[in-house]
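# Structural overview
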Amino acid sequence: MSNAKMRYIIMHGPGGMVLVEMPADYAYQLSALNLRLNKEIDKLTAANVPALPRAVAECNDLELLTEQDEIVGGLAYINELERDFAAIEEKSYPLISLLTEIRALQAQLEQWYEEEAESHS
């Protein structure tokens, strides 16, 4: 895309490893959000709670050594996370607070990618 500084969040979960590429300024926010969601997810009582990987590391450079592993873009990851949490039919836990945090980061990333696109057009 550009020479913008990116960081990688390495997550591990039921489906294996998830590698997320984030703008460096927002990587910590995704890691912190992931840890908070993991802390709160057990409090959800709905039947359709998504399986959530846990952030285990962040790094500046990432070189994949196998073809089956792939890097997920930060915005694509947060969009999927938002869809998954918006679909939860929760009655007893204030899910809206978690969705608000997800959507705040989603909006920041959308803005970042728009500004990146504008600066290179």
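Please refer to the structure higher up on the page.
Here the structure is a predicted model, which is why all the values come from computation and not from measurement.

Here we take up the nonpolar core. Grouped together as the largest cluster of nonpolar side chains are 34 residues, with contacts concentrated most on Met22, Leu30, Ile78, Leu81 and Phe85. Among the elements of the structure, strand S1 (6-13), strand S2 (16-23), helix H1 (24-41), strand S3 (54-59), helix H2 (74-86) and helix H3 (95-119) are those that each provide at least two residues to this core. No other element matches H3, which puts 8 residues into this core. Not counting residues within four places of it along the chain, the set of residues in contact with Leu30 comprises Ile9, Met11, Val20, Met22, Tyr77, Ile78 and Leu105.

Over its 18 residues, H1 runs 26 Å from end to end, which matches the ideal 26 Å to within 8%, given 1.5 Å per residue. Along H1, the residues that are buried comprise Tyr26, Ala27, Leu30, Ser31, Leu33, Asn34, Leu37, Asn38, Glu40 and Ile41. Elements in contact with the buried residues of H1: S1, S2, S3, H2 and H3.

Running from amino to carboxyl end, H1 crosses H3 at an angle of 160°, the nearest separation of the two axes being 11 Å. With respect to each other, H1 and H3 are oriented roughly antiparallel. Here H1 and H3 pass one another in a crossing that is left-handed. Where H1 approaches H3, its residues Tyr26, Gln29, Leu30, Leu33, Arg36, Leu37 and Glu40 are matched on the opposing element by Ser97, Leu98, Glu101, Ile102, Leu105, Gln108, Leu109 and Trp112. Considered class by class, the residues forming the contact of H1 with H3 number 9 nonpolar, 3 polar and 3 charged.

Criteria and thresholds
Residues numbered from 1 in each chain as written. Predicted model: local features only at pLDDT ≥ 70, side-chain atom pairs only at ≥ 80, totals over all residues. Heavy atoms only, no water. Core = buried A, V, L, I, M, F, W, Y, C linked by side-chain atoms within 4.5 Å. Buried < 20%, exposed > 50% of the residue type's maximum accessible area, 1.4 Å probe, protein only. Helix = DSSP H or I, 4+ residues; strand = E, 2+ residues; numbered from the N terminus. Contact = heavy atoms within 4.5 Å. Expected span 1.5 Å × (residues − 1). Axes fitted to C-alpha atoms, helices over the stretch in contact; angles between N-to-C directions. Parallel < 35°, antiparallel > 145°, perpendicular 65-115°, else oblique. Left-handed = near helix turned anticlockwise from the far one by under 90°. Nonpolar A, V, L, I, M, F, W, Y, C, P; charged D, E, K, R; others polar.

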